[in-house]
Number of protein chains: 2
Amino acid sequence: MSASRTARERVRAELIREITDIARRHLAVDGAAGLSLRAVAREMGMVSSAIYRYFPSRDDLLTALIIDGYNALGEAVENAEAACAREDLTGRWLAVCRAVREWGLAHPHEYALLYGSPVPGYRAPEDTIAPAARDILVFGKIIADAIATGRLNPPAILPEPPEIISPDAEAVRGLIPGASDDVITRSVAAWTNLYGMVNFELFGQFNNTIEHRAEFFDHVMTGLARMLGLPE
Amino acid sequence: MSASRTARERVRAELIREITDIARRHLAVDGAAGLSLRAVAREMGMVSSAIYRYFPSRDDLLTALIIDGYNALGEAVENAEAACAREDLTGRWLAVCRAVREWGLAHPHEYALLYGSPVPGYRAPEDTIAPAARDILVFGKIIADAIATGRLNPPAILPEPPEIISPDAEAVRGLIPGASDDVITRSVAAWTNLYGMVNFELFGQFNNTIEHRAEFFDHVMTGLARMLGLPE
DNA sequence: TGATGTCAAGAGCAGTGCTCTCGAATACTG
DNA sequence: CAGTATTCGAGAGCACTGCTCTTGACATCA
């Protein structure tokens, strides 16, 4: 634990950072499939084999980028939501939605890495779970706040969720304390709708059809707020 | 146009079919990224360069698989919907939803090719547009039937869509004649929710959370039917 | 100073998409 | 029917990939 050892570790950490930075730039330009260890090494003035001292395989580098991506997205969502007045529940929900969409538009390849087709043969390790939940945590807090302040009134036009999904709802309840199965079901549905919209826009399904995408997105997300029972 | 020419063209068509069949099998096992022209050629007992007589590039082979995929999915949706009683509008909608989900579960890699992250550098050619719309056509017909028979009554809990998306709605109205902007907006939202759900399930976002997926899916899709205004 | 561990470099393996050339077989035409 | 034109499979080759292994230089520590 001498100073010299720390020095070595520091240069090592610095190199790892530089590698991921370059890799992220390549990812942003060429997408995940075009990410090449050799190209990253070339840009660093290293020989390709040296990279393997820092990332044992290409998948490990991808994992690092995925974790960074989840954190970047989560941070964007947290910041957007934190800028809203606490009592403006619908505004907080809309801020979350817009933050997801805008981050996706700004970083399409990274977004695809997180929410697009899984990379074949790649299995996300445990380390990705916590960062992946940052945005959901924010969302859950909004619903929980609405419940706690007695301001969640979901319109009674949906059937009750079937008994059998109760254990699943229970697993989600940790994020939304005090929520009924119905509220939890609506929340998960709204969440999938949010990401479904962003997916459709980013992956080209709206091409030649929906052109006023920001307005359309806002309108649908506002409707979801109503379905969730958030106040107008 | 003699018989011999037809003979050559026939063997050519047969070879193309065989290549796509083998490629589809490889795709189902290894995913799009693992699809290798050389491997396909090897399995056919050909030399790799010979494949290029039939598909000028790997992307062209991928395009063929994408078109086949859209057609297979579209056919599955058409068949499922055709098996329903015409007057059972909600049943027809649910049949469409389930057909999409079940086809996706049965062909995850092909589904990912259609609705997952776009393959980098790959641009879908015109030929894919028509097959890609087969499922949407079925869906549009259900809503159009509901309107035509006066049985579409969307609950009035959503805000009106903003004026600015009217041109987009107009573009969709070809699929759902007689629909208001509000109905069209709800339809597109429901459609994205359907695919958002299937994406989340197939791409792993429900792992360790939602385990009773068929039941959850059915419940959410039933809720969407209510939002669309389909009769109970 | 000498032992230990870390590192970059280089060669090499097996695989990829793709191009080009060269004979041979097939189809069309005078 | 004979000659020409077209199509096709085979093979070599280019540039690239991820990854492994060995070698020699360097810094760290006892």
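Above this text you will find the structure in question.
(A) Structural detail: the packing of helix α11 (residues 213–228) of chain A against helix α10 (residues 181–202) of chain B. The interhelical angle for the contact between α11 of chain A and α10 of chain B, taken along N-to-C directions, is 85°, at an axis separation of 11 Å. If you check the angle between α11 of chain A and α10 of chain B, you find them roughly perpendicular. In this structure, α11 of chain A contributes Phe 216, His 219 and Val 220 of chain A to the contact, and α10 of chain B contributes Thr 185, Val 188 and Ala 189 of chain B. Class assignment for the residues of the contact of α11 of chain A with α10 of chain B results in four nonpolar, two polar and no charged.

(B) Local environment of the packing of aromatic side chains. Summed over all chains, the structure comprises 24 aromatic pairs over all chains. When the ring of Tyr 115 of chain A is compared with that of Phe 200 of chain B, the centres are 6.5 Å apart and the planes differ by 15°; the resulting orientation is stacked. Taken together, the positions of Tyr 115 of chain A in helix α6 (residues 108–115) and Phe 200 of chain B in helix α10 put the pair across two chains. Summarising the burial analysis for this pair, Tyr 115 of chain A and Phe 200 of chain B share the class buried. Put simply, the rings of Tyr 70, Trp 93, Tyr 111, Tyr 115, Phe 139, Trp 191, Tyr 195 and Phe 203 of chain A together with Phe 200, Phe 206 and Phe 216 of chain B touch in pairs and so form one group of aromatic residues. We note Arg 101 of chain B situated over the ring of Phe 217 of chain B; from NZ or CZ to the ring centre the distance is 5.5 Å.

(C) Region of the structure containing the interface of chain A and chain B. The interface is formed by 50 residues belonging to chain A together with 50 residues belonging to chain B. When the buried surface of chain A facing chain B is broken down by residue, Asp 168, Phe 200 and His 219 of chain A rank first, second and third, together holding 14% of it. Where chain A touches chain B, the interface holds zero salt bridges. Among the elements of the structure, α6, α9 (166–173), α10 (181–202) and α11 of chain A are those that each provide at least two residues to the side of chain A that touches chain B. Split into classes, the residues belonging to the side of chain A that touches chain B amount to 30 nonpolar, 14 polar and six charged.

(D) Here's a closer look at the environment of Met 221 of chain A. All names here are of chain A. When you line up the elements, Met 221 lands in helix α11. Using a relative accessible area of 0% as the deciding quantity, one classes Met 221 as buried. Apart from the residues within four sequence positions on either side, Met 221 is in contact with Trp 93, Leu 94, Cys 97, Asn 193, Leu 194 and Met 197.

(E) Focus on the environment of Leu 175 of chain B. Residue and element names in this part refer to chain B. Its location among the elements puts Leu 175 in the loop between α9 (166–173) and α10. Residue classification places Leu 175 among the partly exposed positions, given a relative accessible area of 30%. For the pair formed by Leu 175 and Gly 204, sequence separation is 29 residues and the distance between their alpha carbons is 32 Å. Setting aside anything within four residues of it in sequence, one finds Leu 175 in contact with Ile 136, Leu 137, Gly 140 and Lys 141.

(F) Seen up close, the side chain of Glu 201 of chain B. Residue and element names in this part refer to chain B. Note on placement: Glu 201 falls in helix α10. Using a relative accessible area of 10% as the deciding quantity, one classes Glu 201 as buried. Residues within four places of Glu 201 in sequence aside, it is in contact with Arg 101, Leu 105, Phe 206 and Arg 213.

(G) Representation of helix α8 (residues 134–148) of chain A within the structure. All names here are of chain A. For α8, spanning 15 residues, the distance from its first C-alpha to its last is 21 Å, which sits close to the expected 21 Å at 1.5 Å a residue. Looking only at α8, the buried set comprises Asp 135, Val 138, Phe 139, Gly 140, Ile 142, Ile 143, Ala 144, Asp 145 and Ala 146. Buried-residue contacts for α8 involve α4 (58–82), α5 (89–106), α6, α7 (129–132), α10 and α11. Trailing α8 by a residue or two, Gly 150 shows a phi angle of about 65°, which is positive.

(H) Layout of the relation of the copies chain A and chain B. Rotating chain A by 180° and translating it 0.0 Å along the rotation axis places it on chain B, where the RMSD comes to 0.0 Å. Seen this way, the second copy is the image of the first under a two-fold rotation axis. No C-alpha of chain A approaches the rotation axis more nearly than that of Gly 196 of chain A, which lies at 1.9 Å. A share of 100% of the interface residues of chain A reappears at the interface of chain B, consistent with the copies meeting face to face through the same patch.

(I) Up close: the state of the cysteines. A complete count under the given rule lists zero disulfides over all chains for this structure. Cys 97 of chain A supplies the cysteine sulfur nearest to Cys 84 of chain A, a cysteine that is in no disulfide, at a spacing of 11 Å.

(J) Representation of unusual backbone geometry within the structure. Notably, Asn 208 of chain A is not glycine yet its phi reads approximately 65°, a positive angle. Here Asn 208 of chain A shows up in the loop between α10 and α11.

Rules used in this analysis
- Per chain, residue numbering runs from 1 following the sequence as it is written.
- Labels are handed out in written order, letters beginning with A for the chains and numbers beginning with 1 for the ligands.
- Note on the predicted model: pLDDT of at least 70 is required for a residue's local features to be given, and 80 or more for side-chain atom pairs to be given and counted; whole-chain, interface and lining totals, by contrast, use all residues.
- Side-chain figures throughout are based on the complete set of non-hydrogen atoms in the structure, without hydrogens or water.
- Lines are fitted to the C-alpha atoms to define the axes, a helix being fitted only along its stretch in contact, and any angle between axes, read from their N-to-C directions, falls within 0 to 180 degrees.
- Put simply, DSSP H or I for four residues or longer makes a helix, DSSP E for two residues or longer makes a strand, and each gets a number counted from the N terminus.
- Any angle between 65 and 115 degrees counts as roughly perpendicular, while under 35 counts as roughly parallel, over 145 as roughly antiparallel, and the rest as oblique.
- Whether two residues are in contact is decided by their heavy atoms, any of which lying within 4.5 Å being enough.
- Polar here means any residue outside two lists: the nonpolar Ala, Val, Leu, Ile, Met, Phe, Trp, Tyr, Cys and Pro, and the charged Asp, Glu, Lys and Arg; Gly therefore counts as polar.
- The rule is short: rings of Phe, Tyr and Trp, with Trp giving its six-membered ring, pair when the centres are within 6.5 Å, and they are stacked under 30 degrees, edge-to-face over 60, tilted in between.
- When a residue's accessible area, from a 1.4 Å probe over protein chains only, is under 20% of the maximum for its type it is buried; when over 50% it is exposed; and in between it is partly exposed.
- Whether a charge sits over a ring depends on NZ of Lys or CZ of Arg being within 6 Å of the ring centre and within 35 degrees of the ring normal.
- Buried area is understood as the total, over both parts, of accessible area removed when two parts are fitted together, assessed with a 1.4 Å probe.
- By definition here, a salt bridge exists when the distance from a side-chain nitrogen of Lys or Arg to a carboxyl oxygen of Asp or Glu is within 4 Å.
- Multiply 1.5 Å by the residue count of a helix minus one, and that product is the helix's expected span.
- The fit set for superposing copies consists of C-alpha atoms from residues with pLDDT of at least 70 in both; the fit itself is least squares.
- Note on terminology: disulfide denotes any pair of cysteine sulfur atoms within 2.5 Å.

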